[in-house]
Amino acid sequence: MTISSSITALACLAIACLVACIAGTLAMVHQLKHRFPATWQAEGNPEKWLALNTSPASGHVLGFLDERRYLATSSASFIHFCNALRLAWRVALILFAATIIVGAVWAARAQR
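Residues numbered from 1 in each chain as written. Predicted model: local features only at pLDDT ≥ 70, side-chain atom pairs only at ≥ 80, totals over all residues. Heavy atoms only, no water.

Focus on helix 4 (residues 76-111)
And then number 1: Between its first and last C-alpha, helix 4 extends 53 Å over 36 residues, near the 52 Å set by a 1.5 Å rise per residue.
And then number 2: Every buried residue belonging to helix 4 is among Phe78, Ile79, Cys82, Leu85, Arg86, Trp89, Ala92, Leu95, Thr99 and Gly103, and all of these are buried.
And then number 3: Buried residues belonging to helix 4 abut helix 1 (3-35) and helix 3 (61-66). (Helix = DSSP H or I, 4+ residues; strand = E, 2+ residues; numbered from the N terminus. Expected span 1.5 Å × (residues − 1). Buried < 20%, exposed > 50% of the residue type's maximum accessible area, 1.4 Å probe, protein only. Contact = heavy atoms within 4.5 Å.)

Digging into a nonpolar patch on the surface
And then number 1: A cluster of nonpolar residues, Ile15, Val19, Phe96 and Ile100, forms a patch on the protein surface that exposes about 370 Å² of accessible area.
And then number 2: For the nonpolar patch, the secondary structure elements donating two or more residues are helix 1 and helix 4.
And then number 3: Tracing the sequence through the fold places isoleucine 100 in helix 4. (Patch = residues over 30% accessible without salt bridge, like charges linked within 9 Å, V, L, I, M, F, W, Y side chains within 5 Å. Areas by Shrake-Rupley, 256 points an atom, 1.4 Å probe, with all protein chains shown as cover. Salt bridge = Lys/Arg side-chain N within 4 Å of Asp/Glu carboxyl O.)

So, the nonpolar core
And then number 1: Counting 17 residues, the largest nonpolar core has Met28, Leu32, Leu65, Tyr70, Phe78, Cys82 and Trp89 as the members making the most contacts within it.
And then number 2: Sorting the residues of this core by element identifies helix 1, helix 3 and helix 4 as the ones contributing at least two each.
And then number 3: At 6 residues, the largest contribution of residues to this core is made by helix 4. (Core = buried A, V, L, I, M, F, W, Y, C linked by side-chain atoms within 4.5 Å.)

Some words on the environment of lysine 33
And then number 1: The topology assignment puts lysine 33 in helix 1.
And then number 2: We classify lysine 33 as partly exposed; its relative accessible area is 33%.
And then number 3: Spatially, the C-alpha atoms of lysine 33 and asparagine 45 are 8.2 Å apart, while their sequence positions differ by 12 residues.

Some points on the environment of tryptophan 106
And then number 1: Within the secondary structure, tryptophan 106 is located in helix 4.
And then number 2: In sequence terms tryptophan 106 and serine 4 are 102 residues apart; their C-alpha atoms lie 8.4 Å from each other.
And then number 3: The contact partners of tryptophan 106, leaving out residues within four places of it in the chain, are Ile3, Ser4 and Ile7.

Dropping the structure here:
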């Protein structure tokens, strides 16, 4: 396996992780809205969470996960899902950043 194909594989993995995180976030938002309407209302009925638009009442979905506001639901299964999703987002963002850095270093060395 060449370095070029390794970087391509890393980029594909990073994109797949981001897509999986987005799909998981959509599922989490759907569950929150339908299973926990009180928490959904406490968050200000955020309809534009996935666009990461902030509102004074609640912020965005990544803030909801990062600040662990999902603990207010008191549902063990939902909390476990949100904890896993929170970790997955961190891994995906780190993997995406690493892919960009490795790709840039490789491209700079290829120019020499």
